[in-house]
Amino acid sequence: MLATKIRAAFAPCRLGTWPAPLEAHPALARALGLQALWLKREDLTGGNKMRGLEFLLAGAPPRSVFVTIGATGSSHCLATARGAKTLGYRTAVATFPQPETDASRAVAASTAATANLVVSASSILTLPWAMLRAWRAAHHLGRGTPHWISGGGADPRAVIGHFLAALELGSQLDAPPDTIVVPLGTGGTAAGIALGVAWLGWSTEVVAVRVAPWLVANRWRTLRLAGKTAALIGRDGIELGVPRSAIRVRVVEAMGKGYGHPTPQGERARVLAAEHNLRLDPTYGAKAFGFLQRSDVNVQRVVFWHTFAWP
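Residues numbered from 1 in each chain as written. Predicted model: local features only at pLDDT ≥ 70, side-chain atom pairs only at ≥ 80, totals over all residues. Heavy atoms only, no water.

Engineer: Would you mind showing me how to read the overall build of the protein here?
Structural biologist: When helices and strands are tallied, the protein shows 11 helices and 10 strands. For the protein, the C-alpha radius of gyration of 19 Å lies close to 19 Å, the compact-globule estimate for 311 residues. Each principal axis of the C-alpha atoms in the protein carries an extent, and together these give about 55 × 45 × 30 Å. Long-range contacts, defined as pairs at least 24 residues apart, comprise 81% of the intrachain contacts of the protein with a sequence gap of at least 6. Taken as a whole, the protein presents about 13200 Å² of accessible surface, with 53% of it coming from carbon and sulfur. (Helix = DSSP H or I, 4+ residues; strand = E, 2+ residues; numbered from the N terminus. Rg over C-alpha atoms; globule rule 2.2 N^0.38 Å. Contact = heavy atoms within 4.5 Å. Areas by Shrake-Rupley, 256 points an atom, 1.4 Å probe, with all protein chains shown as cover.)

Shown next as structure tokens:
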């Protein structure tokens, strides 16, 4: 089995309980005018970021320190701090401000309580200085040179985890969906899903709903991550046989005023989801889910990738 071979070759650690549930929601599907709707509940297993961190945190020496960056409400920063703490490691994170919501405040508080050091930048412009301070301080938190993790965990090693999630989805459905909808931040989750869909041979369209600035959330970067991940797996002797032309992603816009700013469409989506006992955050989930309410969208059998784990 491909997933078994990959895990044997890359030896990830274990941070989540897999498989993440796939739930059918017929009532919500009817409310949206869909034939069928499934939710891939990554939120119930610690959030999508844990998939990648199983590969990024694996094999580090005892008392290692990991350094990363993100917004004050970054689910990646919180997941990194939690995952590292579970494994006996330490973390230093540099953060930049984002609009305050219930979700971002809860994440910020949990990150502050879990990470060993949080260095807060006054704005995105001063983030490089905060990063430098966090990196320097990390040398005194543990043993050896600190380990750097890119913002959002957008690294080919991490994308392997999301590729395995797509294979997991393949074992949970009797037939491919028409569409998979996923929030697009730094691109790792969408890249892994797109690579997995291509390997499965599905004609499913992967719709990545952009919720972050174009510089980090764009189609070119997402496809590049997917291609580099396929190459990384191949270098370890596991040939996927997926041509780059088979990896496809459609990026749609939903960021609105800026990263973390709630949008009217996202808030409407959040209200509808709440009526069906589904809790969405305003930064990622609500904006992505709002795609399904657009009047110009015609999809029928949809998997929605629910990524955000509430603290």
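Engineer: Is there a simple way to think about the state of the cysteines in this case?
Structural biologist: The term disulfide refers to a covalent linkage connecting the sulfur atoms of a pair of cysteines. As enumerated under the stated definition, the model contains 0 disulfides in all. With no disulfide partner, cysteine 77 has as its closest neighbouring cysteine sulfur the one in cysteine 13, 18 Å distant. Residue classification places cysteine 77 among the buried positions, given a relative accessible area of 1%. (Disulfide = S-S within 2.5 Å. Buried < 20%, exposed > 50% of the residue type's maximum accessible area, 1.4 Å probe, protein only.)

Engineer: I would appreciate a short explanation of the pattern of salt bridges in the present structure.
Structural biologist: Pairing between side chains becomes possible if they bear opposite charge and their charged atoms approach one another. Per the stated rule, a full pass over the model turns up 13 salt bridges. For glutamate 253, the salt bridge identified is with arginine 210, shortest N-O distance 2.3 Å. With glutamate 253 in strand β9 (residues 250-253) and arginine 210 in strand β8 (residues 205-210), this pair connects stretches of sequence that are 43 residues apart. Counted as one network, the salt bridges with shared partners bring together Lys40, Glu42, Arg51 and Glu168. (Salt bridge = Lys/Arg side-chain N within 4 Å of Asp/Glu carboxyl O.)

Engineer: Explain the sheet that holds strand β7 (residues 179-184) here, please?
Structural biologist: Paired through their backbone hydrogen bonds, the strands of a sheet run either parallel or antiparallel. Spatially, 6 strands are ordered β1-β2-β10-β7-β8-β9 in an open sheet, and the strand pairing comes out mixed. Sheet topology places β1 (22-24) and β9 at the edges, where each strand pairs with a single neighbour. The mean inter-strand angle of the sheet, taken between neighbouring strand axes irrespective of direction, is 25°. As paired elements, β7 and β8 share 6 bridges and run parallel to each other. By the bridge assignment, valine 181 is partnered in β8 with valine 207. Lying on the sheet, helix α8 (residues 188-200) is in contact with β7, β8 and β10 (301-306); it crosses β7 at an angle near 155°. (Pairing = 2+ DSSP bridges. Axes fitted to C-alpha atoms, helices over the stretch in contact; angles between N-to-C directions.)

Engineer: I keep staring at the nonpolar core and nothing clicks. Help me out?
Structural biologist: Looking at soluble globular proteins, one finds that nonpolar side chains tend to be buried together. Counting residues in hydrophobic clusters, the biggest one holds 61 residues, and the most contacted among them are Ile6, Phe163, Leu195, Ile233, Leu240, Ile247 and Trp305. With sequence-adjacent residues up to four places away left out, tryptophan 305 is seen in contact with Lys40, Glu42, Ala165, Ala166, Leu169, Ile180, Val181, Val182, Pro183, Thr189 and Ile193. Counting residues in hydrophobic clusters, the runner-up holds 24 residues, among them Leu28, Val209, Leu278 and Val302. (Core = buried A, V, L, I, M, F, W, Y, C linked by side-chain atoms within 4.5 Å.)

Engineer: How do you make sense of the side chain of threonine 283 when you look at a structure like this?
Structural biologist: Take threonine 283: it is sitting in the loop between α10 (264-275) and α11 (285-290). For threonine 283, the contacting residues outside a window of four places in its chain are Gln98, Val211, Tyr259 and Gly260.

Engineer: I tried to follow the packing of helix α4 (residues 75-86) against helix α5 (residues 102-114) on my own but got confused; where do I start?
Structural biologist: Running from amino to carboxyl end, α4 crosses α5 at an angle of 30°, the nearest separation of the two axes being 9 Å. Classified by the angle between their axes, α4 and α5 sit roughly parallel to one another. Relative to α5, the crossing made by α4 is left-handed. Taking contact as the criterion, the partners of Ser75, Cys77, Leu78, Ala81, Arg82 and Lys85 in α4 are, on α5, Val107, Ser110, Thr111 and Thr114. Grouping the constituent residues of the contact of α4 with α5 by class yields 4 nonpolar, 4 polar and 2 charged. (Parallel < 35°, antiparallel > 145°, perpendicular 65-115°, else oblique. Left-handed = near helix turned anticlockwise from the far one by under 90°. Nonpolar A, V, L, I, M, F, W, Y, C, P; charged D, E, K, R; others polar.)

Engineer: Mind showing me how you'd approach the packing of aromatic side chains here?
Structural biologist: Within the structure shown, the criterion is met by 4 aromatic pairs. Where phenylalanine 66 meets tyrosine 89, the ring centres are 5.4 Å apart and the plane angle is 50°; that geometry is what we call tilted. One end of the pair, phenylalanine 66, is in strand β3 (residues 65-71); the other, tyrosine 89, is in the loop between α4 and β4 (90-96), with 23 residues separating them in the sequence. Accessibility classification places phenylalanine 66 together with tyrosine 89 in one group, the buried group. Taking the centre distance of 5.1 Å and the plane angle of 85° together, the rings of phenylalanine 289 and phenylalanine 304 count as edge-to-face. Remark: phenylalanine 304 occurs in strand β10 and phenylalanine 289 occurs in helix α11; sequence separation between them is 15 residues. Lying across the ring of tryptophan 18, arginine 51 places its NZ or CZ 3.8 Å from the centre. In this structure, arginine 279 packs its charged tip against the face of tryptophan 310, placed 3.5 Å from the ring centre. (Phe/Tyr/Trp six-rings, centres within 6.5 Å; stacked < 30°, edge-to-face > 60°. Lys NZ or Arg CZ within 6 Å of the ring centre and 35° of its normal.)

Engineer: Just to check I follow, could you spell out the side chain of threonine 95 for this structure?
Structural biologist: Looking at the element boundaries, threonine 95 is found in strand β4. Exposure remark for threonine 95: the relative accessible area of 5% places this residue in the buried category. Apart from the residues within four sequence positions on either side, threonine 95 is in contact with Gly70, Ala71, Thr72, Val118, Val119, Ser120, Ala121 and Leu127.

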